[in-house]
Amino acid sequence: MVTFMDAIKYRLIRVGLLFLLLAIVLSLISMYEVPKNGNWSGDLQAGEHLLGDSQFEKRYFINNRTLMLYSQNASLIIIHGNKLDVYKLRNESVILNPLSQPQINVESGKVNYTYNVEGVDYPYAPLAWIAFVMMLVGSALSLVGYVRFMEELKGG
């Protein structure tokens, strides 16, 4: 009677399973994430202003954006994503979660803002491609090893 351990001891199957195990380890490593935060604040006068840092927005996967605006007397337009918001602030503040990097057009007055961005970086993401190739190789080696192992059993 042939056992599972006999099949595992067959060289091609063992090498194929080793490749599959390494592929799993590499794929787990590729999912390692590093949190990144960006914080900007200041005062805006009349005119067009793009808040934050465009490079930061492009480089990382953004999870959350929080924009807090305060003014004693201002009128402004906020453009983020495909959305356009119009505000008239009179001794009040507003907290928004923009869809993308916000552009603020201050029509009149002075606006105090705080813009916080939370994102993540995946520094080992390229390892996922290596893990994918190793998974293909490991699957092929295991399959070929299984077929050869069964042929040897049938012939022997």
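Structure first, text after, so check above.
Note that the structure is predicted; figures quoted are calculated from it, not measured. (Residues numbered from 1 in each chain as written. Predicted model: local features only at pLDDT ≥ 70, side-chain atom pairs only at ≥ 80, totals over all residues. Heavy atoms only, no water.)

Participant: What's the story with the overall build of the protein chain in this structure? I'm lost.
Facilitator: Of the regular secondary structure elements, the protein chain holds four helices and eight strands. Mapped in sequence order, the helices and strands of the protein chain form the string α-α-β-β-α-β-β-β-β-β-β-α. Summarising its shape, the C-alpha atoms of the protein chain cover approximately 90 × 25 × 25 Å along the three principal directions. Out of the 156 residues in the protein chain, the part that is buried amounts to 29%. Surface exposure of the protein chain reaches about 10200 Å², of which carbon and sulfur atoms provide 59%. Taken together, the 13 basic and 13 acidic charged side chains of the protein chain have centroids lying 7 Å from each other. (Helix = DSSP H or I, 4+ residues; strand = E, 2+ residues; numbered from the N terminus. Buried < 20%, exposed > 50% of the residue type's maximum accessible area, 1.4 Å probe, protein only. Areas by Shrake-Rupley, 256 points an atom, 1.4 Å probe, with all protein chains shown as cover. Lys, Arg positive; Asp, Glu negative; His and termini not counted. Charge placed at Lys NZ, Arg CZ, Asp CG, Glu CD.)

Participant: Please clarify how the pattern of salt bridges should be interpreted in this entry.
Facilitator: A side chain with one charge may pair with a side chain of the opposite charge, provided their charged atoms come close. All chains considered together, the criterion is met by two salt bridges. Of the charged contacts in the structure, one is a salt bridge between Arg65 and Glu57, with a shortest N-O distance of 2.7 Å. For the pair Arg65 and Glu57, a shared accessibility class is recorded, and that class is buried. (Salt bridge = Lys/Arg side-chain N within 4 Å of Asp/Glu carboxyl O.)

Participant: What is the right way to read the sheet that holds strand 5 (residues 83–89) from this model?
Facilitator: Within a beta sheet, neighbouring strands are joined by backbone hydrogen bonds and run either parallel or antiparallel to one another. What the four strands build is an open sheet, ordered 2-7-4-5; its pairing is antiparallel. Looking at strand neighbours, the two that pair on one side only are strand 2 (47–50) and strand 5, the edges of this open sheet. Strand-to-strand, the axes of this sheet are offset by a mean angle of 20 degrees, without reference to chain direction. (Pairing = 2+ DSSP bridges. Axes fitted to C-alpha atoms, helices over the stretch in contact; angles between N-to-C directions.)

Participant: It is not clear to me how the packing of aromatic side chains should be interpreted in this structure. Could you clarify?
Facilitator: For any pair of aromatic rings, the description rests on two quantities: the centre-to-centre distance and the angle between the ring planes. Under the defined criterion, the tally for this structure stands at six aromatic pairs. Look at Tyr32 and Tyr124: their rings are 5.9 Å apart centre to centre, the planes differ by 40 degrees, and that puts the pair in the tilted class. Taken as a pair, Tyr32 in the loop between helix 2 (11–30) and strand 1 (34–44) and Tyr124 in the loop between strand 8 (111–121) and helix 4 (127–155) lie far apart in primary sequence, 92 residues in all. When its relative accessible area of 46% is taken as the criterion, Tyr32 is described as partly exposed. Taken together, the ring pairs in this structure connect Trp40, Phe56, Tyr60 and Tyr115 into an aromatic cluster. (Phe/Tyr/Trp six-rings, centres within 6.5 Å; stacked < 30°, edge-to-face > 60°.)

Participant: Help me out: how do you make sense of the side chain of Asn105 in this one?
Facilitator: Topologically, Asn105 is positioned in strand 7 (residues 103–108). Of note is the side chain of Asn105, whose polar atom sits 3.4 Å from the side chain of Gln103. The residues touching Asn105, leaving out its near neighbours within four places in the chain, are Gly47, Glu48, Ser75, Leu76, Ile77 and Ile79. (Polar contact = N/O pair within 3.5 Å; in protein donor to acceptor, adjacent residues only side chain to side chain. Contact = heavy atoms within 4.5 Å.)

Participant: Can you help me understand helix 4 in this one?
Facilitator: Owing to its 3.6 residues per turn, the α-helix aligns residues three or four sequence positions apart on the same side. Between its first and last C-alpha, helix 4 extends 41 Å over 29 residues, near the 42 Å set by a 1.5 Å rise per residue. Every buried residue of helix 4 is listed here: Ala131, Met134, Gly138, Ser142, Gly145 and Phe149. Tucked into the core, helix 4 has its buried residues touching helix 1 (4–9) and helix 2. (Expected span 1.5 Å × (residues − 1).)

Participant: Teacher, can you tell me more about the nonpolar core here?
Facilitator: One broad trend across soluble globular proteins is that nonpolar side chains are buried collectively. Residues Leu67, Leu69, Leu76, Ile78 and Ile104 are the most contacted members of the largest nonpolar core, which totals 19 residues. In terms of residue count, the dominant contributor to this core is strand 8 (four residues). Beyond its immediate chain neighbours, meaning those up to four positions away, Leu67 contacts Leu51, Ile78, Val94, Ile95, Leu96, Pro98, Pro102, Ile104, Tyr113, Thr114 and Tyr115. In this structure, Ala7, Tyr10, Leu12 and Phe149 belong to the second largest nonpolar core, which totals five residues. (Core = buried A, V, L, I, M, F, W, Y, C linked by side-chain atoms within 4.5 Å.)

Participant: Teacher, can you tell me more about the packing of helix 2 against helix 4 here?
Facilitator: Packed helices, taken two at a time, are described by their axes: the angle between them and the distance between them. Between helix 2 and helix 4, whose axes approach to 7 Å, the crossing angle comes to 160 degrees. Judged on the interaxial angle alone, helix 4 and helix 2 are roughly antiparallel. Between helix 2 and helix 4 lies a crossing whose hand is left-handed. Its residues placed into classes, the contact of helix 2 with helix 4 shows 21 nonpolar, seven polar and one charged. (Parallel < 35°, antiparallel > 145°, perpendicular 65-115°, else oblique. Left-handed = near helix turned anticlockwise from the far one by under 90°. Nonpolar A, V, L, I, M, F, W, Y, C, P; charged D, E, K, R; others polar.)

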